[in-house]
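Remarks on the overall topology
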Amino acid sequence: MADEEKQTYLDPNVEKELPSPLADAIRSGSVDKKILEHSHDADEALKAFQSHPGQVIHIDEATNKRLLRIIDWHLIPVMCIVYGLNYLDKTTISYASVMGIKKDIGLVRDDYQWLGSMFYFGYIAWEYPTNRLLQRLPIGKYSAACIIAWGVVLACFAAVENFAGAVAIRFMLGVCEAAVTPGFALITSQWYTKKEQGTRTGIWFSFNGWAQIFGGLVAYGIARGTANHQTSLAGWKIVFLLTGLLTVSMGILFLFIIPDNQLNARWLSKEDRVLAIERIRVNQQGVGNKHFKWYQVREALTDPITWAFVAYALIADIPNGGISNFFSQLITSFGYTAEQSLLYGTPGGAVEVITLIAFGYLGDRYSNRIAFASIGLVLSIIGMALIVGLPLENNSGRLGGYYLTQASACPFVAFLSLISSNIAGYTKKTTVAALYLIAYCVGNIIGPQTFRPKDAPRYVPAEVTIIACWCACLVVMAFIYVWCRRQNAQKARLRADPSYTKLENQEWLDLTDKENPEFVYTL
């Protein structure tokens, strides 16, 4: 009876319009009707491909390109804008620092440094819980809720009147934003093949740069406007209100556009939902698993590659924490006014956009993300060396050095995409992502503390610390590259063994990268 139902499922008129591989798969019963119709649980996707072992839906190149265009068009624009706001929301404190916030809320001594770090205390406190919730709850809806919440919190900063209130807002802002980066990394791994992930991650992360351009221009315009015309609100309050309300608007849009998985994507036909799952079979990672697996946590904690990622994030984000909170003040140390610092910071965003997209594309094109990302880090070291070494009167040269430092995000983004590509097993992936971003938080907490008030306006000790950290990062990158090549060689020898047998449909079994002999690490 079950076979009859599967054989008669396709209406002849519908069958003519289906891609032949999908029509064959449905006729044979390898795709269940109820899976095509509706699902909120990513685990259900497995049933569509495990009900009949050995059967694979073959997608031709034209169909794959069509699906990729549809997916890109719906996911990437929204993710880009939201991620740009994610960066803008963190750095509004830097714009506010030269727009009068210190005087208005009574910041003294190192209060400003602690406000820079407080965001990351909130982030680090909620990072692991939010990764568990990203695994357990519908990822699209949970991410949207976090985006809306962070917009509301940011807008509330306009009502802050003292240091204590600012501390509370910055902490809660970190809590709300903790889901964004790991959530976007999981969404990218859920929808794209390994060869596509580096470029897509680079694209949405590059909107940090666009946000720097947009934020600098808006802050400059507001600063000029409030200086020339009396307003009922201080300029820095307007900045917080504007970015907060814009974030809330994008959170609502995110809720309606970004699905929880392929099977409840409103903008895909029932047939395309199945094809969208099939096209990521090559990842050997499935499409998610809601079940928490302790053995995968243990494997994550004992895997050397995990701690290499953690070491990189910790060391690399000491410079990031300092520069992102002090870049406006750093530019004024070159001899420019506070208003000019807002405007002259914007080309740095363009450098970040260009390097992230270019090196992300080249890394995928030539299957070597680590090598191309290291170029960005070398450019950053050169840039900071120019800031430290050039004469004080060479303002333009030192400003150019600052622009080069904005290429430093390339390796961080490459490793974020490599966690998506190279860490398999959903519990293991969320655990490694959480540890990576916890280390990111710790680095960002330490970073602002290297910019001591007594070192103003040049901050030479902080600049030397940044160069040392980036040089150490190059060593960590080399280790990760060598480790991945070594693991690939070992797996190749295992697969070449005559006694080796591949499991049926093991791509959907939620195996870890170590468990799965078919898994190949991306470099």
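In this convention, every chain numbers its residues from 1, walking through the sequence in written order. Where totals are concerned, whole chains, interfaces and linings use all residues; where local detail is concerned, this predicted model gives features only for residues with pLDDT of at least 70, and gives and counts side-chain atom pairs only at 80 or more. Think of the side-chain values as coming from all heavy atoms in the structure, minus any hydrogens and water.

The chain goes by Allantoate permease in an unreviewed UniProt entry, where it is assigned to Recurvomyces mirabilis. Quoted verbatim from the Subcellular location (unreviewed entry) field of the UniProt record, the comment on the chain reads "Membrane". UniProt positions are given in the numbering used here, feature names are shortened, and annotations may be inferred rather than shown by experiment.

**Considering the confidence of the model for the chain**
The predictor attaches a confidence to each residue, called pLDDT, with possible values from 0 through 100. Within the chain, residue pLDDT values average 82, and 86% of them lie at 70 or more. Between the elements of the chain, mean pLDDT differs from a low of 37, seen in helix H1 (residues 2-7), to a high of 94, seen in helix H9 (residues 139-156). Taken as a whole, residues 1-46 scores under 50 in pLDDT and shows 82 contacts with residues more than four places along the chain or in a different chain. A low-confidence stretch, residues 49-54 (pLDDT under 50), is modelled with 23 contacts involving residues beyond four sequence positions or located in other chains. Numbering of helices and strands runs from the N terminus, with a helix taken as a DSSP run of H or I at least four residues long and a strand as a DSSP run of E at least two residues long. By definition, residues are in contact when any of their heavy atoms lie within 4.5 Å.

**Structural notes on the packing of aromatic side chains**
Working definition: rings of Phe, Tyr and Trp (its six-membered ring) pair if their centres are within 6.5 Å, and the pair is stacked with planes under 30 degrees apart, edge-to-face with planes over 60 apart, and tilted otherwise. Under the definition given, this model contains 27 aromatic pairs. Taking 5.5 Å as the distance between ring centres and 65° as the angle between the ring planes, the aromatic pair formed by Tyr123 and Tyr440 counts as edge-to-face. Taken together, the residues Tyr123 in helix H8 (residues 111-136) and Tyr440 in helix H23 (residues 426-449) connect sequence positions 317 residues apart. We count a charge as sitting over a ring when the NZ of a lysine or the CZ of an arginine lies within 6 Å of the ring centre and within 35 degrees of the ring normal. Directly above the aromatic system of Phe519 lies the positively charged group of Lys194, at a separation of 3.5 Å from the ring centroid.

**Considerations on the packing of H8 against H9**
When two helices pack together, their arrangement is given by the angle between the helix axes and by the axis-to-axis distance. Following both chains from N to C, one finds H8 and H9 inclined at 145°, their axes separated by 9 Å at the closest point. Residues Trp126, Thr130, Leu133 and Leu134 of H8 form the contact with H9, whose participating residues are Ile139, Tyr142 and Ser143. Under the scheme applied, nonpolar residues are Ala, Val, Leu, Ile, Met, Phe, Trp, Tyr, Cys and Pro; charged residues are Asp, Glu, Lys and Arg; polar residues are all the others, including Gly. Its residues assigned to classes, the contact of H8 with H9 comprises 5 nonpolar, 2 polar and no charged. For helices, the fitted line uses only the C-alpha atoms of the stretch in contact; every axis is such a line through C-alpha atoms, and the angle between N-to-C directions lies from 0 to 180 degrees.

**Here's the deal with the pattern of salt bridges**
One speaks of a salt bridge when a side-chain nitrogen belonging to Lys or Arg is within 4 Å of a carboxyl oxygen belonging to Asp or Glu. For the structure shown, the criterion picks out 9 salt bridges. One salt bridge in this structure joins Arg66 and Asp272, with 2.9 Å as the shortest N-O distance. A residue pair is termed long-range when its members are at least 10 positions apart, and Arg66 in helix H6 (residues 61-97) and Asp272 in helix H15 (residues 270-278) qualify at 206 residues. The salt bridge partner of Arg369 is Asp364, with a shortest N-O separation of 3.1 Å. The classification of residues rests on relative accessible area computed with a 1.4 Å probe and restricted to protein chains. Under 20% of the type maximum is buried, over 50% is exposed, and intermediate values are partly exposed. Note on Arg369: relative accessible area 4%, which makes it buried. According to the relative accessible area criterion, Asp364 is buried, its value standing at 7%.

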